[in-house]
Amino acid sequence: MAIKSSITLLRHANALPARDDSPSADLCRSLSPKGLRQTDRRRVLLGERPYGLAISSPATRAYETAQNVAAIEPTAVTIFPSLYWLNDGKAFKEAVELMFDELQYKPLAEYRKHRLGYMLDDQARQAWMRMQSLNLRGKKTLLVGHAILANALGCQMVGTLTKEWAYLSETAFDECSGVTIHWEDSEVVKVDRHEGMNVE
């Protein structure tokens, strides 16, 4: 019998503004009241989906999104530094801020064309390799992090140049939106899209 696994990749929900321009202030941004409503709505739309594992970047907004969508205790969320920090210790936001200033919320395919775009797939590749130690096989997993890196990570999961890879490359995640990738054994069988949360 095939072993079924899935990973739901979500961008974090709406967050409060940072108190200043420092990386630490960005890291500590909590969800706004709107963001909390978005996570409540996302949890309902995902339905009964008990997660065997919930993973987030170290960013507070991602951590809170994972906690609220998965409806679990905060201590049950696994913090995964590679979803925020680069190997040289610089914040991922710092590394891509030049790209973001130019490209904003364009899809991953546009970021790849930037002179710094190679960093996205390199970081995602390393993060996916490190995630193998978390024993994802046979589990339903929730992962919340930076939108562009989540897309790049999804591309690593589905395999280069597949139709799913092309789809993820051309898709931009809105707040609290993303995809669920389904496997049977090691084969990707389906990718479900979860649209953005337009709540007030």
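Below is a summary of the structure that appears in this document. Treat the numbers as computed from the prediction; the structure is a model and nothing was measured.

Cut-offs and rules
Residues numbered from 1 in each chain as written. Predicted model: local features only at pLDDT ≥ 70, side-chain atom pairs only at ≥ 80, totals over all residues. Heavy atoms only, no water. Buried < 20%, exposed > 50% of the residue type's maximum accessible area, 1.4 Å probe, protein only. Helix = DSSP H or I, 4+ residues; strand = E, 2+ residues; numbered from the N terminus. Arc of directions from axis to C-beta. Contact = heavy atoms within 4.5 Å. Salt bridge = Lys/Arg side-chain N within 4 Å of Asp/Glu carboxyl O.

Time to look at helix α8 (residues 163–170). Restricting attention to buried positions, one finds in α8 the residues Glu-164, Leu-168 and Ser-169. Relative to the axis of α8, the buried residues are bounded by an arc of 135 degrees and lie together on one face. In α8, those exposed residues whose orientation departs by more than 90 degrees from the buried face are Lys-163 and Glu-170. Turning to α8, the residues buried within the fold contact α5 (108–112), α7 (147–158), β5 (178–184) and β6 (187–194).

Before going further, it helps to examine the pattern of salt bridges. Applying the stated criterion across every chain yields a total of 10 salt bridges. Ionic pairing is found between Asp-122 and Arg-125, a salt bridge with its closest N-O pair at 3.0 Å. A residue pair is termed a helical-turn pair when its members lie 3 or 4 positions apart in one helix, as Asp-122 and Arg-125 do in helix α6 (residues 118–131) at 3 residues. On the basis of relative accessibility, which here comes to 36%, the residue Arg-125 falls in the partly exposed class. Across the pair Glu-195 and Arg-193 runs a salt bridge whose closest N-O atoms are separated by 3.7 Å. The class for Glu-195 is partly exposed, based on a relative accessible area of 48%. By relative accessible area, Arg-193 is classed as partly exposed at 38%. Three or more residues are tied together by salt bridges with common partners; here these are Asp-26, Arg-29 and Arg-61.

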